[in-house]
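# Summary of structural features
Spelled out from the first residue to the last, the chains are:
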Amino acid sequence: MSAGTGERRRGTHAPAAPRRTLAYGLVLALAVGLLTLVGPGTGTADAISVCQGRPTRTVSFATGELRLYRTRHYACALVLAKRPGAPRPMKVTLQPRGGRAAVVSGRWGRQAGPVTVHALNRCVRASATVSGRSTATGWILC
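Note that the structure is predicted; figures quoted are calculated from it, not measured.

Positionally, Val-79 belongs in strand 3 (residues 74-81). Take Val-79: its relative accessible area is 0%, and that puts it in the buried class. A sequence separation of 13 residues divides Val-79 from Val-92, and the C-alpha atoms of the two residues are 6.3 Å apart. If we skip the residues at most four places from it in the chain, Val-79 touches Phe-61, Glu-65, Leu-66, Met-90, Lys-91, Val-92, Arg-110, Gln-111, Ala-112, Ala-128 and Val-130.

In structure tokens form, the structure reads like this:
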């Protein structure tokens, strides 16, 4: 090997592929082990909100609960079933004053939403339905 040419002799170092494969295998085994120990929560505690901001209103009705959250610029809503279980028809609507309503509807077992609208300096109104029973607010969060 001549000095300064940057050439290397072949066969002087062990190939990197087996070491890299071993490292990836160890990282994967560690990740699987941690997920097994920690895992997703299966307790009966309240769900962590997927809405940003602070909780501002909670409206309970016969089959569920409408939760509203607010940041400086946005409002967010979701509906939770009182008795989670088999998928049932659920719908949540959030409308800023002077704007279009954002709607999420379908069949879920626990929660519908979140639905978020831009509501800087605007009132909003929300409605929710779970299994045919519903609730609605007037213009709030003004």
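Here we take up the nonpolar core. Among the nonpolar cores identified, the biggest contains 21 residues, and Ala-77, Val-79, Val-92, Leu-94 and Val-124 are the most heavily contacted of them. In this structure, Cys-51, Tyr-69, Cys-76 and Leu-78 belong to the second largest nonpolar core, which totals five residues.

Strands sit in the order 1-2-3-6 across an open sheet of four strands; the sheet is antiparallel. Strands at the two margins of the open sheet, each flanked by one partner only, are strand 1 (54-61) and strand 6 (111-118). Pairs of neighbouring strands in the sheet enclose a mean axial angle of 15 degrees, with direction left out of account.

Conventions we followed
Residues numbered from 1 in each chain as written. Predicted model: local features only at pLDDT ≥ 70, side-chain atom pairs only at ≥ 80, totals over all residues. Heavy atoms only, no water. Helix = DSSP H or I, 4+ residues; strand = E, 2+ residues; numbered from the N terminus. Buried < 20%, exposed > 50% of the residue type's maximum accessible area, 1.4 Å probe, protein only. Contact = heavy atoms within 4.5 Å. Core = buried A, V, L, I, M, F, W, Y, C linked by side-chain atoms within 4.5 Å. Pairing = 2+ DSSP bridges. Axes fitted to C-alpha atoms, helices over the stretch in contact; angles between N-to-C directions.

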